[in-house]
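Below are the chains, spelled out letter by letter.
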Amino acid sequence: MRIGITTWHTGTNPGTFFQVFGLYKFLSDRRGEVKVIDYKQTEKSDLLPRGLRYYLSNFIGSLQVKFKRKKWPPIPEEFKAQREEQQKKYKRFYGQMEMTRQVSTDEDFKEVNSQFDCFIVGSDQIWNPNMLNRRYLLDYADDTKIKASFGPSCGVSVFLPKQIENYAKYTSRFNYISTREKVLADVLTKRLKREVEHVVDPSMLLSREYYDSIAQLPEGFEPNSYVLCYFMPKNESQRDQVRAYAKANNLKIVMLAALPYEFSFSDATIYAAAGPDEWLGLIKNAHTVFTSSFHCTIFSLLFHKNLFSYQQEPRSKTYDMNIRYVEIMKRYNAMHRFVLWGADLTPETMVPIDYDHYDSEFNAWREKSIKFLTQFV
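Quick caveat, the model's predicted, so the values are computed rather than measured.

Chemist: Any chance you could explain the overall build of the chain here in plain terms?
Modeler: For the chain, the helix and strand inventory stands at 12 helices and 12 strands. Taking 21 Å as the expected radius of gyration for a compact globule of 377 residues, we find that the chain reaches 21 Å, a close match to that expectation. The dimensions of the chain, computed from C-alpha atoms along their principal axes, are 60 × 45 × 45 Å. When the accessible surface of the chain is summed, it comes to about 17,100 Å², and 50% of that surface belongs to carbon and sulfur atoms. Taking the average location of the 52 positive side-chain charges in the chain and that of its 45 negative ones, the two points are 5 Å from each other.

Chemist: Teacher, can you tell me more about the sheet that holds strand 10 (residues 288-291) here?
Modeler: Backbone hydrogen bonds hold the strands of a sheet together, and the pairing may be parallel or antiparallel. Read from one edge of the open sheet, 6 strands run 9-8-7-10-11-12, paired in parallel fashion. Single-partner strands in this sheet number two, and they are strand 9 (269-271) and strand 12 (338-339). Direction of pairing for strand 11 (residues 306-310) relative to strand 12: parallel, over a ladder of 2 bridges. Among the inter-strand pairings, Tyr310 is bridged to a residue of strand 12, identified as Val339.

Chemist: Quick question: what am I supposed to make of the sheet that holds strand 3 (residues 118-121) here?
Modeler: With respect to topology, 4 strands assemble into an open sheet ordered 2-1-3-4, the strand pairing being parallel. Edge strands, defined here as strands with exactly one partner in the open sheet, are strand 2 (34-36) and strand 4 (146-149). The sheet shows a mean angle of 20° between the axes of neighbouring strands, direction not considered. Here 3 bridges tie strand 1 (residues 3-6) to strand 2, and the two strands are oriented parallel to one another.

Chemist: I would appreciate a short explanation of helix 6 (residues 182-192) in the present structure.
Modeler: Counting along an α-helix, one turn takes 3.6 residues, and residues three or four places apart therefore face a common direction. Those residues of helix 6 that sit buried are Val183, Leu184, Ala185, Val187, Leu188 and Leu192. Buried residues along helix 6 sit against helix 5 (161-171), strand 5 (178-179), strand 6 (197-198) and helix 11 (323-331). Once helix 6 finishes, Lys193 follows within two positions and takes phi at roughly 60°, a positive value.

Chemist: Sorry if this is basic, but what is going on with the pattern of salt bridges here?
Modeler: A side chain with one charge may pair with a side chain of the opposite charge, provided their charged atoms come close. This structure, assessed with the given rule, holds 27 salt bridges. The closest approach of N and O atoms between Glu111 and Arg101, which form a salt bridge, is 2.9 Å. Placement of Glu111 in helix 4 (residues 106-115) and of Arg101 in the loop between helix 3 (77-94) and helix 4 is noted, with a sequence separation of 10 residues between them. Residue Arg101 is classed as partly exposed on the basis of its relative accessible area of 44%. The closest approach of N and O atoms between Lys182 and Asp186, which form a salt bridge, is 3.0 Å. Note that Lys182 and Asp186 are positioned in helix 6 at a spacing of 4 residues, about one turn of the helix. For Asp186, a relative accessible area of 40% puts it in the partly exposed group. One connected set of salt bridges, linked through shared partners, spans Asp46, Asp106, Arg134, Arg135 and Asp139.

Chemist: In this structure, what is going on with the nonpolar core? I would like to understand it.
Modeler: The nonpolar side chains of a soluble globular protein tend to be buried with one another. By size, the foremost hydrophobic cluster in this structure holds 69 residues, and its most contacted members are Leu27, Ile120, Phe299 and Leu373. Among all residues touching Phe299, those that are not within four sequence positions of it are Phe18, Ser203, Met204, Tyr211, Trp279, Leu280 and Ile283. Phe119, Trp127, Tyr136 and Tyr167 belong to the second largest nonpolar core, which has 35 residues in total.

Chemist: I'm lost on the side chain of Gln19 in this one. Help?
Modeler: Inspection of the secondary structure assignment puts Gln19 in helix 1 (residues 14-30). A relative accessible area of 1% places Gln19 in the buried class. In terms of polar contacts, Gln19 uses its side chain to reach the side chain of Thr7, at 3.2 Å.

Chemist: Where do I start with helix 12 (residues 355-373) in this structure?
Modeler: If you check helix 12, its first and last C-alpha atoms are 26 Å apart, about what 19 residues at 1.5 Å a residue would give, namely 27 Å. When helix 12 is considered as a whole, its buried residues turn out to be Tyr355, Tyr358, Phe362, Trp365, Ser369, Ile370, Phe372 and Leu373. On an axial view of helix 12, the arc spanned by its buried residues comes to 145°, and they lie on one face. Seen from the open side of helix 12, the exposed residues pointing more than 90 degrees away from its buried face are Asp356, Ser360, Glu367 and Lys371. Its side-chain oxygen 3.2 Å from the backbone nitrogen of Asp356, Asp354 forms the N-cap of helix 12.

Chemist: Please clarify how the packing of aromatic side chains should be interpreted in this entry.
Modeler: The geometry of an aromatic ring pair is captured by two quantities: the separation of the ring centres and the angle between the planes. Enumeration according to the criterion identifies 37 aromatic pairs in this entry. Seen from their ring centres, Phe17 and Phe93 are 5.9 Å apart, and the 85° between their planes marks the pair as edge-to-face. Note that Phe17 is positioned in helix 1 and Phe93 in helix 3, a separation of 76 residues in sequence. For the pair shown, Phe17 and Phe93 are each scored as buried. Ring centres of Tyr332 and Tyr358 lie 4.6 Å apart, and the angle between their planes is 70°; this geometry places the pair in the edge-to-face category. Linking Tyr332 in the loop between helix 11 and strand 12 with Tyr358 in helix 12, this pair joins segments that are 26 residues apart in sequence. For the pair shown, Tyr332 and Tyr358 are each scored as buried. Three or more aromatic residues joined by ring pairs make a cluster, and in this case those are Phe17, Phe18, Phe21, Tyr90, Phe93, Tyr94, Tyr210, Tyr211, Tyr230, Phe231, Trp279 and Phe299. When the ring centre of Phe294 is taken as origin, the NZ or CZ atom of Arg180, which lies over that ring, is 3.9 Å away. The aromatic ring of Phe308 is capped on one face by Arg337, whose charged end is 4.4 Å from the ring centroid.

Rules and cut-offs
Residues numbered from 1 in each chain as written. Predicted model: local features only at pLDDT ≥ 70, side-chain atom pairs only at ≥ 80, totals over all residues. Heavy atoms only, no water. Helix = DSSP H or I, 4+ residues; strand = E, 2+ residues; numbered from the N terminus. Rg over C-alpha atoms; globule rule 2.2 N^0.38 Å. Areas by Shrake-Rupley, 256 points an atom, 1.4 Å probe, with all protein chains shown as cover. Lys, Arg positive; Asp, Glu negative; His and termini not counted. Charge placed at Lys NZ, Arg CZ, Asp CG, Glu CD. Pairing = 2+ DSSP bridges. Axes fitted to C-alpha atoms, helices over the stretch in contact; angles between N-to-C directions. Buried < 20%, exposed > 50% of the residue type's maximum accessible area, 1.4 Å probe, protein only. Contact = heavy atoms within 4.5 Å. Salt bridge = Lys/Arg side-chain N within 4 Å of Asp/Glu carboxyl O. Core = buried A, V, L, I, M, F, W, Y, C linked by side-chain atoms within 4.5 Å. Polar contact = N/O pair within 3.5 Å; in protein donor to acceptor, adjacent residues only side chain to side chain. Expected span 1.5 Å × (residues − 1). Arc of directions from axis to C-beta. Phe/Tyr/Trp six-rings, centres within 6.5 Å; stacked < 30°, edge-to-face > 60°. Lys NZ or Arg CZ within 6 Å of the ring centre and 35° of its normal.

Okay, here's the thing in structure tokens:
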């Protein structure tokens, strides 16, 4: 069987890399005939209409974001140099996956349709209702092909009528459907009148032992000696929390930087050059992790870390991205480690995560997810 995976598959975001790599490696280890479809959007018509209610519901939120936006200082030269190094590292890791030639047009996708027997939509927020793309809904795959999804993320928990209509139009053609968020699985199950599976993120198809084997701690960092910050802290109050925690536990602060402004955290050792293996290594070897990243959250749980996962500031009801964290933390009985926007750390927050419960719940969910995937590949 020739399998084509379509999902986000470029850039230096570790979540983007590990979701496509996890699905690719799992399938290629089983089948061997797997390629990632190298889709690059060039046509505006690929994006589906959002509907008037979307723009009305986000108008105020967009204005608030605009007026809150700070003027950041110039990008440090050190950040530029480290990011160039990071891009080279990611290019090497993406090179481990076989890809099609780059495709963009209807003619390109007609050719792609002829090359595969099965098309699988991967994860990341490719099914976010606020930016749906028909290519990630397999509009080009004809009825003779197996059409499936494994863990595409919606990112939000509120769906407008036009968005549900878009989902239903395209997913009604799918032979097998699963999603990463249960809230979307429930919406589609109700609308399509068929069971939609709730599965793990594709990065979690690979074992902890595998990730242990590739995790690398960058030179100069000592295991268990630091607090790791990733997409955290977002404001001075959160910086104070990190500082206080690090001081109380005699730990250094390491900022795994993704954005230039994070270099302004003068209390931290800044590292922006991490490749996928180093990103894993810094999480695995951290004493404690502070993050508002979904993938940093799930990998911290996989490595049994002392984790504080922070709520992102909601932009609007239809653009609140926090359902991803809430579902995961609730499932693993770790909601006390989900820190709400503007909240302080409390004695309840400090209660350890029950990793015996996590292991039991995660292993059962992973096994069920693999069973879903292997019924058609």
